[in-house]
Amino acid sequence: MPMETEKKINSLDVARRQVDIAAEHLKLDPGIREKLKQTKRELTVHFPVKMNDGSLKIFTGYRIQHDVTRGPAKGGIRYHPDVDLDEMKALAMWMTWKCAVVNIPFGGAKGGVQCDPKSMSIQELENMTRRYVWEIAMMIGPDRDIPAPDVHTNPQVMAWIMDTYSILKGYSVFGVVTGKPLELGGSLGRLEATGKGVYTIAQEAAHIQNFPIKGARVVIQGCGNVGGTAAQFFDRAGAKVVAISDYQGGIYNEKGLNVAEALSCRNQYSCFITRESTGWETITNAELLELKCDILIPAAIENQITHKNAPKIQARMIVEGANGPTTPEADEILRDRGILIVPDILANAGGVTVSYFEWVQNLQELLWSEEEISERLIRILKKSYAEVLHISQREKVDMRTAALMLGIGRVAEATRLRGIYP
Ligand code: GLU
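What counts and how
- Residues numbered from 1 in each chain as written.
- Predicted model: local features only at pLDDT ≥ 70, side-chain atom pairs only at ≥ 80, totals over all residues.
- Heavy atoms only, no water.
- Helix = DSSP H or I, 4+ residues; strand = E, 2+ residues; numbered from the N terminus.
- Rg over C-alpha atoms; globule rule 2.2 N^0.38 Å.
- Buried < 20%, exposed > 50% of the residue type's maximum accessible area, 1.4 Å probe, protein only.
- Contact = heavy atoms within 4.5 Å.
- Areas by Shrake-Rupley, 256 points an atom, 1.4 Å probe, with all protein chains shown as cover.
- Near = heavy atom within 4 Å.
- Polar contact = N/O pair within 3.5 Å; in protein donor to acceptor, adjacent residues only side chain to side chain.
- Nonpolar A, V, L, I, M, F, W, Y, C, P; charged D, E, K, R; others polar.
- Expected span 1.5 Å × (residues − 1).
- Pairing = 2+ DSSP bridges.
- Axes fitted to C-alpha atoms, helices over the stretch in contact; angles between N-to-C directions.
- Salt bridge = Lys/Arg side-chain N within 4 Å of Asp/Glu carboxyl O.
- Phe/Tyr/Trp six-rings, centres within 6.5 Å; stacked < 30°, edge-to-face > 60°.
- Lys NZ or Arg CZ within 6 Å of the ring centre and 35° of its normal.

A count of helical and extended segments in the protein chain gives 14 helices and 13 strands. Relative to its length of 422 residues, the protein chain is compact, with a C-alpha radius of gyration of 20 Å against a globular reference of 22 Å. With respect to the principal axes defined by its C-alpha atoms, the protein chain has extents near 55 × 55 × 45 Å. Relative to its 422 residues, the protein chain shows a buried fraction of 60%. For the protein chain, restricting intrachain contacts to residue pairs at least 6 apart in sequence, the fraction spanning at least 24 positions comes to 68%. Of the accessible surface of the protein chain, which amounts to about 17700 Å², a share of 51% is contributed by carbon and sulfur atoms.

Our focus in this paragraph is helix H7 (residues 227-236). Counting buried residues along H7, seven of its 10 residues qualify, which places the element largely inside the surrounding structure. Buried residues along H7 sit against helix H6 (193-208), strand S7 (217-221), strand S8 (240-246), helix H8 (259-269) and strand S11 (292-298). Within two residues after H7, Gly238 carries a phi angle of roughly 90°, on the positive side.

Let us now look at the site of the ligand. The environment of the ligand is formed by 14 residues, the closest being Lys74, Lys98, Pro149, Asp150 and Ser355. In the environment of the ligand, a nitrogen atom lies 2.8 Å from a nitrogen or oxygen atom belonging to the backbone of Pro149. Contact between the ligand and Asn323: an oxygen atom at 3.0 Å from a side-chain N or O atom of the residue. For the ligand, the protein covers 94% of the area, taking 300 Å² as the surface of the free molecule. Taken together, the elements giving at least two residues each to the shell around the ligand come down to helix H3 (85-101) and helix H12 (350-364). If you tally residues by element for the shell around the ligand, the top one is H12, at three residues. Each residue belonging to the shell around the ligand can be placed in one class, and the counts come to four nonpolar, five polar and five charged.

Its 17 residues give H3 an end-to-end C-alpha distance of 25 Å, which sits within 8% of 24 Å, the value for a rise of 1.5 Å per residue. Of all 17 residues making up H3, 15 are buried, and the element is well covered by its neighbours. The opening residue of H3, the one whose side-chain oxygen lies 3.3 Å from the backbone nitrogen of Asp86, is Asp84. Positive backbone phi, at 55°, marks Asn103, one or two positions downstream of H3.

Across the sheet, which stays open at both edges, the seven strands sit in the order S10-S9-S8-S7-S11-S12-S13 with mixed pairing between neighbours. In the strand order of this sheet, the two ends are held by strand S10 (281-283) and strand S13 (340-342), each with one partner. Looking at each pair of strands side by side, their axes are set apart by 25° on average, direction ignored. With three bridges joining them, strand S9 (residues 249-252) and S10 adopt antiparallel strand pairing. Residue pairing for S10: Gly250 is matched across the bridge by Ile283.

When you tally the buried positions in strand S5 (residues 107-114), you get seven out of eight residues, the bulk of the element. Examined bridge by bridge, strand S3 (residues 73-74) and S5 share two bridges and lie parallel to one another. Following the sheet pairing, Ala73 is matched in S5 by Gly107.

The next point concerns the environment of Gln209. Here Gln209 shows up in the loop between H6 and S7. Aside from chain neighbours lying at most four places away, what touches Gln209 is Arg316, Met317 and Leu340.

Right, let's get into the pattern of salt bridges. For the structure on display, the rule yields 32 salt bridges. For Asp163, the salt bridge identified is with Arg130, shortest N-O distance 2.8 Å. With Asp163 in helix H5 (residues 155-169) and Arg130 in helix H4 (residues 122-136), the pair connects residues that are 33 residues apart, well separated along the chain. A residue is classified by how much of its surface remains accessible, and Arg130, at 24% relative accessible area, is partly exposed. Linking Arg266 and Asp246 is a salt bridge whose minimum nitrogen-to-oxygen distance equals 2.7 Å. One end of the pair, Arg266, is in helix H8; the other, Asp246, is in strand S8, with 20 residues separating them in the sequence. In this structure, Arg266 and Asp246 share a single accessibility class: buried. Through salt bridges with shared partners, a single ionic network connects Asp20, Glu24, Arg33, Glu34 and Lys37.

So, about the packing of aromatic side chains. Taken as a whole and assessed by the stated rule, the structure comprises nine aromatic pairs. Their ring planes at 35° and their centres at 6.3 Å tell us that Tyr356 and Trp359 sit as a pair that is tilted. Here the residue Tyr356 and the residue Trp359 both occupy positions in helix H12, the gap between them amounting to three residues, near one helical turn. The class for Trp359 is buried, based on a relative accessible area of 11%. These aromatic residues form a ring-pair network of at least three members: Phe106, Tyr356, Phe357, Trp359 and Trp368. Sitting over the ring of Phe233, Arg236 keeps its end group 4.9 Å from the ring centre.

By themselves these figures say nothing about function.
This is the structure:
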């Protein structure tokens, strides 16, 4: 989503500075620190796709494996005009820490294609997906690197990935990708997992901050699989979702939006702004982030909360549904202002956690019930929240530093135990 950021902040710089901050606290060996700031494997591919008008278009795609010390690489595939190598590397790094924070046996990866999916037909998207999978097939596999949905990819795209990879292998390989449709080895509960996780983690944070979710004013940037689902969970719990947006802008109602109506309007018109509706006023994404609220949920893309708007944020706490929405400078400003940030690698880990359940079910060829999935997800997230909080209190650091210390510490320890070959 191209939000209102002026100059493009390099996410890889941000991710590497975060490693430095955590490494200082952990007193990590300088060589290990350097290793963790690098990515293990990077594949860039340029490939042609037949477009509907008969022309050929060349796309650039990536698949990055940041670290596989704790298990196969895991991470989503993003279709977006801003996709580039550094962004992919940063997102892959965050996946490594995220999987380690919730203690699931995966490393981190990310992939994507630089494209504008909104301007492409279904057929073009399918052609592009299948050719991209063919190009990165040497990297992925159920025991080495398992993609999943991310910005502008969905269960249908995952089905094409699974199908293309299976055709290459000559048999159906369900465990090569997660976030698949239920009919094709997908897991119950995966679709809502990230949004549900954001809600669950926000509940934990609100509890510690001593305010109830019921009646809390919630502002959400983004209405996709993360923001839209989280909005529904907050609404059902009696919170007041006062604002929500997409990449074009948002809507606001001081008394609380009718979430179902807002989302169905967005679905129908691909935009919130319709003449028929009077239940809200329109606002920009920049205005939305600065609204007075109890819980602010950035659930779009990176670098939305920077040193520029951090002094104007009026939320009691920020729960990061997106990956990397807050820069280190903004972190500092918000910490000094007493605003709690629950970091991405904890707050949005519900998605990859249920991806792990899906992968396990695929490998074992069995099915877990929705209750089992939900119970295991909530147990893992609550335990991870408690662990991060404990480190934060013990080390007197903010929640982001604590989460990075937990995740990076686990990866560093696994690296130490495996040793350096030869
Ligand atoms: N793209 C999601 C994330 O950033 C999910 C990754 C996965 O399930 O592997 O966490």
